[in-house]
Amino acid sequence: MTTRAQGVIARWGDRLALPAMAPRISLGEGGTPCVESLTIGPSLGLASLHFKLEGLNPTGSFKDRGMVVAVANALHEGSRAIICASTGNTSASAAAYGGRFGLRTVVVVPRGHIASGKLVQARVHGATVVSVNGGFDLALRIVRELCERHPVTLVNSLNPNRIEGQKTAAFEIVDELGDAPDVLALPVGNAGNITAYWRGFREDHRDGRSTRLPRMFGGQASGAAPLVLGRPVDDPQTVATAIRIGNPASWQGAVDARDQSEGMIASVGDDAILDAQRRLARLEGIFCEPASAASLAVLERAVAEGAVAPGTHAVCVLTGNGLKDPGAVEAALTPIVEISSNAGALAHAIGL
Ligand SMILES: *Cc1c(COP(=O)(O)O)cnc(C)c1O
């Protein structure tokens, strides 16, 4: 029997397009819990709302699911080096797997727009970190160009192994809930993940493992919403740095997921994102990063607009761990109460 801790290749390898001879590597990724909402789901009138806690992956985001498959394939092909452009989490994941499996790792990031924890992760795992004076879209363009000329493996989600690995999250949701939900909500940046989930749900449905297909609801930040506008955005802006992308690589995959599932991709403002993040932390005990909270914000928008009916079974994918980006929430936190060191002052400070 395979257990969660063995990772996505051991657990789902027979359903991945990965050469049989590729090494069965793992860092214990996948197998993340689906936690039921106690407060927000009932208040929205949903039959159920679950949060898929992808922040519990080894490097704190869902990127590990696809990275393990991409790195396994890179090793199989004899590659010595991997490279990615990243808004942060792909670089953290590439650095960890690259370090563990002996590959030189280079990550290219937009200068000044990476959450502090993610940058520390890339560096502590030993990646070479290069920053560009521009956004993610520029970083990806130059990395792709470099890969055409040099023997370095690209591990962005343009690498098909990434999408393959990431589809396993859909398999897990079906396993854990006994069927696919009515609605799956997730943030959309470069659009690899919505493409991967939709593939996973369709495969489960085709194979008779689920009776229904979910409607896919994608959340983009209103300052970085190319899929909503229907055209690339030149200078995307949002507090949710993981989805600060103006020209998604998997554009068509996202449009297909939306249209084939009769779902929706809508924009949500940074205020709504931060508010959803705050309520997840305070009411549900879950600290996700801002981009992740766009899943809840878009679901709430869909409920408010009547696009999602009461009585629906919904899952929100919380893609990354809030600890990566403390700076995003600090300004809104209540101040720490300072006292002198005695019980009387403590009692006074807490109103006893
Ligand atoms: C990468 C990432 C996203 C966006 O996923 P795409 O596949 O690029 O659409 C969302 N949230 C977090 C935390 C991420 O790391």
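What this report covers is the structure whose coordinates are included nearby. Given the structure is predicted, the values throughout are model-derived calculations rather than measurements.

Moving on: the site of the ligand. Not every one of the 17 residues close to the ligand is listed here, only the nearest: Lys63, Asn89, Asn190, Ala191 and Thr319. Glycine 189 has a polar backbone atom sitting 2.8 Å from an oxygen atom of the ligand. Backbone polar atom of asparagine 190 to an oxygen atom of the ligand: 2.8 Å apart, as the coordinates give it. Bound to the protein, the ligand loses 97% of the 380 Å² it would expose on its own. Broken down by secondary-structure element, the contributors of at least two residues to the shell around the ligand are helix 9 (192-206) and helix 13 (290-304). The residue makeup of the shell around the ligand, split by class, is 7 nonpolar, 8 polar and 2 charged.

Let us now look at the sheet that holds strand 6 (residues 153-154). Here 4 strands make up an open sheet; going across it, the order is 5-4-3-6 and the pairing parallel. The outermost strands of the open sheet, each flanked by one partner alone, are strand 5 (128-132) and strand 6. The pairing of strand 4 (residues 104-110) with strand 5 spans 5 bridges and is classified as parallel. Bridge pairing in strand 5 links valine 109 to serine 131.

It is worth spelling out the sheet that holds strand 7 (residues 183-187) at this point. Spatially, the 6 strands line up as an open sheet ordered 1-2-10-7-8-9, and their pairing is mixed. On the outer flanks of this sheet lie strand 1 (34-36) and strand 9 (264-268), each paired with one strand and no other. Taken over all neighbouring pairs, the strand axes of this sheet differ in orientation by 25° on average, direction set aside. Where strand 7 and strand 10 (residues 313-318) come together, 3 bridges link them in parallel fashion. In the sheet register, valine 183 faces strand 10, and the bridge partner there is alanine 314.

Here we take up the side chain of glutamine 220. Structurally, the position occupied by glutamine 220 is in strand 8 (residues 215-221). Given a relative accessible area of 0%, glutamine 220 falls into the buried group. Within the structure, glutamine 220 has its side chain in polar contact with the backbone nitrogen of leucine 227 (distance 2.9 Å). Look past the residues within four positions of glutamine 220 in its chain and what remains in contact with it is Val188, Gly189, Ala225, Pro226, Leu227, Val228, Ile265, Ala266, Ser267 and Val268.

Nonpolar side chains collect at one region of the surface, where Val337, Ile339, Leu346, Ile350 and Leu352 lie side by side and expose about 540 Å² of accessible area between them. Among the secondary structure elements, leucine 346 is positioned in helix 15 (residues 343-349).

Within strand 3 (residues 81-85), 5 of the 5 residues are buried, which leaves it mostly tucked inside the rest of the structure. Burial along strand 3 is two-sided: Ala81, Ile83 and Ala85 and Ile82 and Cys84, pointing in opposite directions, are all buried. Relative to strand 4, strand 3 runs parallel, the two being bridged by 5 bridges. From the neighbouring strand, alanine 85 faces strand 4, where its bridge partner is valine 108. Where strand 3 and strand 6 come together, 2 bridges link them in parallel fashion.

Cut-off values and rules
Residues numbered from 1 in each chain as written. Predicted model: local features only at pLDDT ≥ 70, side-chain atom pairs only at ≥ 80, totals over all residues. Heavy atoms only, no water. Near = heavy atom within 4 Å. Polar contact = N/O pair within 3.5 Å; in protein donor to acceptor, adjacent residues only side chain to side chain. Areas by Shrake-Rupley, 256 points an atom, 1.4 Å probe, with all protein chains shown as cover. Helix = DSSP H or I, 4+ residues; strand = E, 2+ residues; numbered from the N terminus. Nonpolar A, V, L, I, M, F, W, Y, C, P; charged D, E, K, R; others polar. Pairing = 2+ DSSP bridges. Axes fitted to C-alpha atoms, helices over the stretch in contact; angles between N-to-C directions. Buried < 20%, exposed > 50% of the residue type's maximum accessible area, 1.4 Å probe, protein only. Contact = heavy atoms within 4.5 Å. Patch = residues over 30% accessible without salt bridge, like charges linked within 9 Å, V, L, I, M, F, W, Y side chains within 5 Å. Salt bridge = Lys/Arg side-chain N within 4 Å of Asp/Glu carboxyl O.

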